Amino acid sequence: MTANARPFALDPDRLFPAESRSRDIARALYQSVAGLPILSPHGHCDPQWFADDLPFPDPARLFIAPDHYVHRMLFSQGVAPESLGVPRVDGGPVETDPRKIWRRFAAHFHLFRGTPSWLWLNHAFVEVLGFGERLSVDNADRAYDHIADRLERPEFRPRALFERFAIEALTTTESPLDDLRHHRKIKDSGWRGRVLTAFRPDPVVDPDFPGFADNLAALARLADEDVSTFAGYLAALAKRRAYFRSVGCTSTDHGHPTAQTADLSPRDAAALYDRVRKRAATAVDAELFRAQMLTEMARLSLDDGLVMQIHPGAFRDHNPAIFKAFGRDKGADIPTPTDYVRALKPLLDRFGSETRLTIVLFTLDETAFSRELAPLAGHYPALRLGPPWWFLDSPEGMRRFRETVTETAGFYNTVGFNDDTRAFLSIPARHDMSRRVDCAFLARLVAEGRLERDEAFEVAHDLAYGLAKKAYKL
């Protein structure tokens, strides 16, 4: 460390209560779960990392260009995505010098103060990569060189980090059109790391998805089914689900704009599919088809045992200029209010009381936590509540979640934590943050006489490990 370096370490009591008695209880609870294996049952890491086990690229391509949490914040302060190396759809010029990109990032690192990204990034820099200074414009090159050196070492390759992070299972997310070659390669390699896939059918169940007609044709080829009829289409989806299960898939994931469901008669569903397939569907038809397909997917999950996840409520690609220039998932998605009580009723009328079905609900609308989601999950055996997601994956979001759902749904109608990340090096940071926040919440209940101390230790273990293992059949 140079003479002008500013030593930096994460506070060991971060996210614990300020009041001393509760803090002492939180410390003890956290120590009991800090070393538990990580279950990451939903996320967007690239399975090719673990199939090929090649060194990660330079620090800029690892931390900046692929992370929409990072470049959306920088864009909000006028930093162009091109200057961060984010690829353009048209192949136009972008900054390619990783050191320049890193310097620009370091010069704006102060923008992340108070955000969960500050915690995630600093945890990766300090705890994973061993850079013991606070990142700034003054030490940008020193940080870059330090991280680049680490990334070249065998112990920082994807499989080695997977093992170092004590990941017991990690789930990626793939389209039904994916051949899962990377998952097959992992499975055939003899490596003991457990990397699973989740079935994400959006490209072939959402009529508004880009290339929908071509996607149906590809589905027909892969499944060797005639998708010109609704029955053939459903058979093709069932075949692809079976293929995913053959490589270890335990869950599906559905990223619809709303939580709307429907339960049409077979005749009406077939007629609706015919309009969708022939591109004669209206916007109302498209929403109705997505709604019907959530119910169809629940029926298939009852048949094949896949856990169903519903992630609604994002206005995708809100900024048309960013979408046109850089494509999907570039930080311009915005949460919207979401109705669950009325929207889910057709599905729940048919399947809500099924004890063999697990549907995990997520939300970006936290006003629904106590008003809708906790009462629904506190009643229907098929429902469980997913953890705070995306914009709510933060210390305050996690606290509000526990405070607003526990009284109605309890702890055991939730499914623990999942990180939902593309940023592999942030996984231990995200799980650590969740464990700390949950231990802080439990400590307060103990200090207030609302939970016995031994019960708090049991719940802490379940929130960190047990609930996810059970809910996602891991």
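Residues numbered from 1 in each chain as written. Predicted model: local features only at pLDDT ≥ 70, side-chain atom pairs only at ≥ 80, totals over all residues. Heavy atoms only, no water.

1. Here's the deal with the nonpolar core
Ranked by internal contacts, the top residues of the largest apolar core, which has 56 residues, are Tyr233, Leu237 and Met293. The biggest single contributor to this core is helix α14 (residues 283-304), with 7 residues. Discounting chain neighbours no more than four positions away, the residues touching Met293 are Val205, Phe230, Tyr233, Leu234 and Leu237. If you look at the next biggest cluster of nonpolar residues, it comprises 49 residues, including Ala60, Phe63, Phe105 and Ala148. (Core = buried A, V, L, I, M, F, W, Y, C linked by side-chain atoms within 4.5 Å. Buried < 20%, exposed > 50% of the residue type's maximum accessible area, 1.4 Å probe, protein only. Helix = DSSP H or I, 4+ residues; strand = E, 2+ residues; numbered from the N terminus. Contact = heavy atoms within 4.5 Å.)

2. So, unusual backbone geometry
In this structure, Trp390 takes a positive phi of about 60 degrees despite not being glycine. In this fold, Trp390 is placed in the loop between β9 (383-385) and α18 (395-409). Positive phi values are uncommon outside glycine, yet Lys473 reaches one of about 55 degrees. Relative to the helices and strands, Lys473 is located in the segment after α20 (453-471). Since its relative accessible area comes to 44%, Lys473 is described here as partly exposed.

3. Let's talk about the packing of aromatic side chains
Under the criterion given, the structure shown has 32 aromatic pairs. For the ring pair Phe165 and Phe424, a centre distance of 5.4 Å and an interplane angle of 50 degrees mean the geometry is tilted. One end of the pair, Phe165, is in the loop between α8 (158-164) and β2 (167-174); the other, Phe424, is in the loop between α18 and α19 (427-447), and 259 residues separate them in sequence. Look at Phe165 and you get buried, because its relative accessible area is 7%. Residue classification places Phe424 among the buried residues on the basis of a relative accessible area of 2%. Put simply, the rings of Trp49, Phe50, Phe56, Phe162, Phe165, Trp191 and Phe424 touch in pairs and so form one group of aromatic residues. Taking the ring centre of Trp120 as reference, the NZ or CZ of Arg430 above it sits at 3.6 Å. For the cation-ring pair, Arg436 lies above Tyr30, with the distance from its terminal atom to the ring centre recorded as 4.2 Å. (Phe/Tyr/Trp six-rings, centres within 6.5 Å; stacked < 30°, edge-to-face > 60°. Lys NZ or Arg CZ within 6 Å of the ring centre and 35° of its normal.)

4. A closer look at empty space enclosed by the protein
Under the definition given, this model contains 6 cavities of 30 Å³ or more. The space that makes up the largest cavity amounts to roughly 110 Å³. Considering the residues around the largest cavity, the lining is formed by 13 residues, among which Phe63, Asp67, Leu121, Ala423 and Ser426 are closest to the centre. Take the lining of the largest cavity: its biggest share by element is 4 residues, from helix α6 (residues 116-128). Looking at the lining of the largest cavity residue by residue, the classes come out as 9 nonpolar, 2 polar and 2 charged. In this structure, the second largest cavity spans a volume of roughly 70 Å³. Every residue along the wall of the second largest cavity is listed here: Val33, Phe417, His431, Ser434, Arg435, Asp438, Cys439, Ala460, Leu463 and Ala464. Of all the elements in the fold, those that place two or more residues in the lining of the second largest cavity are α19 and α20. The greatest single-element share of the lining of the second largest cavity, amounting to 5 residues, is contributed by α19. (1 Å grid on protein atoms, 1.4 Å probe; cavity = no way out; pocket = protein on both sides within 12 Å on 5 of 7 lines; lining within 4 Å. Points joined across faces, edges and corners; volume = space filled by probe spheres on them. Nonpolar A, V, L, I, M, F, W, Y, C, P; charged D, E, K, R; others polar.)

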